[in-house]
Every structure is written in structure tokens, then in C-alpha cells.
Amino acid sequence: PLDAIREEIVTALGGTIGDVMPEVAVTLAERRAAAGLSQAELAERLGVDQATVSQAERGLTRPGAELRRRLGAEFGLSDAEVMAAWTAAREAGE
């Protein structure tokens, strides 16, 4: 499944993640922290529970379309960028 996700991201970006958009490798947790939000605060803003945010940040659970849309709106990211951030966390084993 991870290879399919990588392929989806690379296709959307038109190259490799590092070549096309190196800043995309920033994880969701790093983006949340940079925004000065706790997991609980982000969860409240997204309308989900803290466990959902935690699992997405650690790459344990792939965010569904609606959560990706909300994360994108919160951080100014495209769907592909949200998935790249999730993939970065998954690969890092956060």
C-alpha cells in the first residue's frame, strides 16, 4: 500500500517528492507544531478526536478524503501535499 501511495504522490507532483517540492517532506506533526497547535487544538479545529490526529501524524492511519481536505484547508496544502506529509511521517516511523 505504501508504494501505491508514493506513486500517487509522485504522479500528482510530476516527479519525485524531493525534486518537485522538498518542503512537502515536512510531516503533519511538524506543520501542526509550527502553527503553534496542540494535537487537541488541531483535532477540535478539524472536528475529529485527538487519537485521529495522533494516528495520522504518526503515519499509522491513512487520512480519508474528508480529513485530507480539512488538513489541506488548515495548513494551505493540496491533497497531494497532505499525503506527502503523511508519507514522510510513516517513513520516519514517528
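Everything discussed here concerns the structure shown above.
Residues numbered from 1 in each chain as written. Predicted model: local features only at pLDDT ≥ 70, side-chain atom pairs only at ≥ 80, totals over all residues. Heavy atoms only, no water.

Caption draft 1: Up close: the overall build of the protein chain. Helix and strand counts for the protein chain come out as seven helices and zero strands. Walking the protein chain from its N terminus toward its C terminus, one meets helices and strands in the order α-α-α-α-α-α-α. Sorting the 94 residues of the protein chain into buried and exposed places 39% on the buried side. Taking all contacts inside the protein chain whose residues are at least 6 apart in sequence as the whole, residues at least 24 apart take part in 60%. Within the structure as shown, the protein chain displays about 5000 Å² of accessible surface, and the carbon and sulfur contribution to it stands at 51%. (Helix = DSSP H or I, 4+ residues; strand = E, 2+ residues; numbered from the N terminus. Buried < 20%, exposed > 50% of the residue type's maximum accessible area, 1.4 Å probe, protein only. Contact = heavy atoms within 4.5 Å. Areas by Shrake-Rupley, 256 points an atom, 1.4 Å probe, with all protein chains shown as cover.)

Caption draft 2: The arrangement of the pattern of salt bridges in detail. What the rule picks out here adds up to five salt bridges. Note that Arg 68 is salt-bridged to Asp 79, the shortest N-O span being 2.6 Å. With Arg 68 in helix H6 (residues 65-75) and Asp 79 in helix H7 (residues 79-92), this residue pair connects regions lying 11 residues apart in the sequence. Look at Arg 68 and you get buried, because its relative accessible area is 13%. (Salt bridge = Lys/Arg side-chain N within 4 Å of Asp/Glu carboxyl O.)

Caption draft 3: Examining the nonpolar core more closely. Leu 28, Leu 42, Leu 46, Val 53, Leu 71 and Phe 75 are the most contacted members of the largest nonpolar core, which totals 15 residues. Secondary structure elements with two or more residues in this core: helix H4 (39-46), helix H5 (50-57), H6 and H7. Leaving out residues up to four positions away in the same chain, Leu 42 has contacts with Arg 32, Leu 37, Val 53, Glu 57, Leu 71, Glu 74 and Phe 75. (Core = buried A, V, L, I, M, F, W, Y, C linked by side-chain atoms within 4.5 Å.)

Caption draft 4: View of the side chain of Gln 39. Of note, Gln 39 is situated in helix H4. The buried category is assigned to Gln 39, whose relative accessible area is 19%. Beyond its immediate sequence surroundings of up to four residues, Gln 39 is in contact with Arg 32, Gln 50, Val 53, Ser 54 and Glu 57.

Caption draft 5: Molecular detail of the environment of Thr 87. In this fold, Thr 87 is placed in helix H7. In the structure, Thr 87 is positioned 28 residues away from Gly 59 in sequence and 6.6 Å away in space, judged by C-alpha atoms.

Caption draft 6: Geometry of the environment of Val 26. In this structure, Val 26 sits in the loop between helix H2 (17-20) and helix H3 (28-34). Under the relative-accessibility criterion, Val 26 is labelled partly exposed at 30%. Sequence separation of Val 26 and Glu 81 is 55 residues, and the distance between their C-alpha atoms is 9.4 Å. For Val 26, the residues in contact, after removing those within four places along its chain, are Arg 31 and Ala 85.

Caption draft 7: Representation of the environment of Gly 72 in the model. With respect to the helices, strands and loops of the structure, Gly 72 is situated in helix H6. Accessibility expressed as a relative area gives 8% for Gly 72, which makes it buried. Separated by 11 residues in sequence, Gly 72 and Met 83 have C-alpha atoms that sit 9.7 Å apart. Here Gly 72 is in contact with Leu 77 and Val 82, once residues within four sequence places are set aside.

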